[in-house]
Amino acid sequence: MIITIANQKGGSGKSTLCLNIAMKFFLDKKDIVVLDTDVQKSIETFSDIRLEKGMECFPLFNRTGNITDIVKQMMSKYENILIDTKGEDSLESRKAMLLSDLIIIPSTPSQLDVAVLSEMFERIEEIQSINAKTKACVVMNRMPPIPYLKEKEAMKGFILENKKNSHIELLERIISERIALKRSVSEGLSIFEYNDLKAKNEFLRFYQEISSKFLQ
């Protein structure tokens, strides 16, 4: 299975989301490889910290430009491929999405992020018209950890109103903006290995939702 984390705008938390999903696969002994196409190389920094501490990590490749060939090579060697894309509308991001079985779109409650979503929906509908097996979902990410905050409801309403394609699903589970997610990464730990039970359980519920809906 090929899973791509994509959003045309930076700052939506793609890399943190990607590395924690990858670590969940890895900790569950599932065959996983990560392809990082983001020039910031945040996932490489995380991997380096783990390796320097003597901790095992998932296989990681960095590649920009034409990623089609390396993805095809990976398909013959790995059961699951996770792709982290740039925060922009680039040719390689489109290629990654076109090759994917699942596209996960993290979006924050900022007005700029919400505005970009309608463009992402159009892009995904184009991709699904070419690759009918591609599924897509939106996760409300980096949300203020205050229940019933108006931004949550406003964003949910916008997504439901603007997504015309039934193959783009809004996830029920929300991931809050938590300091534990930043601290765990800086220590080379996934949120599943960190000592914040609330943050761990929240991310686990998100992972369980995508697993039950898309990873079976």
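Figured I'd write up the structure that's included with this text. (Residues numbered from 1 in each chain as written. Predicted model: local features only at pLDDT ≥ 70, side-chain atom pairs only at ≥ 80, totals over all residues. Heavy atoms only, no water.)

## Thoughts on the overall build of the protein chain
Piece 1. Scanning the protein chain from terminus to terminus reveals 8 helices and 7 strands.
Piece 2. Its C-alpha atoms give the protein chain a radius of gyration of 16 Å, near enough to 17 Å, the size a compact globule of 216 residues would have.
Piece 3. Considered along the principal axes of its C-alpha atoms, the protein chain spans approximately 50 × 40 × 30 Å.
Piece 4. Each of the 216 residues in the protein chain was classed as buried or not, and the buried ones make up 51%.
Piece 5. Expressed as a percentage of contacts within the protein chain between residues at least 6 apart in sequence, the contacts between residues at least 24 apart total 76%. (Helix = DSSP H or I, 4+ residues; strand = E, 2+ residues; numbered from the N terminus. Rg over C-alpha atoms; globule rule 2.2 N^0.38 Å. Buried < 20%, exposed > 50% of the residue type's maximum accessible area, 1.4 Å probe, protein only. Contact = heavy atoms within 4.5 Å.)

## Thoughts on the sheet that holds strand β6 (residues 135-140)
Piece 1. Judged by pairing direction, the sheet is parallel, and its 7 strands sit side by side in the order β3-β2-β4-β1-β5-β6-β7 without closing on themselves. One side of each edge strand has no neighbouring strand; the edge strands of this open sheet are β3 (60-62) and β7 (168-170). Sheet twist, expressed as the mean angle between neighbouring strand axes with direction ignored, is 20°.
Piece 2. Here 3 bridges tie strand β1 (residues 2-5) to strand β5 (residues 102-107), and the two strands are oriented parallel to one another. Along β5, the bridge assignment pairs threonine 4 with isoleucine 103.
Piece 3. Packing against the sheet, helix α1 (residues 14-27) makes contact with β1, β2 (32-36), β4 (80-84), β5 and β6, and its axis sits at approximately 165° to β4. (Pairing = 2+ DSSP bridges. Axes fitted to C-alpha atoms, helices over the stretch in contact; angles between N-to-C directions.)

## Description of empty space enclosed by the protein
Piece 1. Inspection of every chain in the model, using the stated rule, returns 1 cavity of 30 Å³ or more.
Piece 2. Size it by volume and the largest cavity reaches roughly 40 Å³.
Piece 3. Looking at the lining of the largest cavity residue by residue, the class counts come to 3 nonpolar, 4 polar and 3 charged. (1 Å grid on protein atoms, 1.4 Å probe; cavity = no way out; pocket = protein on both sides within 12 Å on 5 of 7 lines; lining within 4 Å. Points joined across faces, edges and corners; volume = space filled by probe spheres on them. Nonpolar A, V, L, I, M, F, W, Y, C, P; charged D, E, K, R; others polar.)

## Examining the packing of α1 against helix α8 (residues 197-214)
Piece 1. Axis separation between α1 and α8 bottoms out at 11 Å; the angle between their running directions is 75°. It follows from the interaxial angle that α1 and α8 lie roughly perpendicular. Here Leu17, Asn20, Ile21, Lys24 and Phe25 of α1 lie close against α8, whose contacting residues are Phe203, Leu204, Phe206, Tyr207 and Ile210.
Piece 2. Classifying every residue of the contact of α1 with α8 by side-chain character gives 8 nonpolar, 1 polar and 1 charged. (Parallel < 35°, antiparallel > 145°, perpendicular 65-115°, else oblique.)

## Comments concerning the layout of surface pockets
Piece 1. Space inside the largest pocket adds up to approximately 500 Å³.
Piece 2. Lining the largest pocket are 26 residues, with Gly13, Lys14, Ser15, Thr16 and Arg142 positioned closest to its centre.
Piece 3. For the lining of the largest pocket, the secondary structure elements donating two or more residues are α1 and α7 (179-186).
Piece 4. Considering every element that reaches the lining of the largest pocket, the biggest residue donor is α1, with 5 residues.
Piece 5. Classifying every residue of the lining of the largest pocket by side-chain character gives 7 nonpolar, 11 polar and 8 charged.

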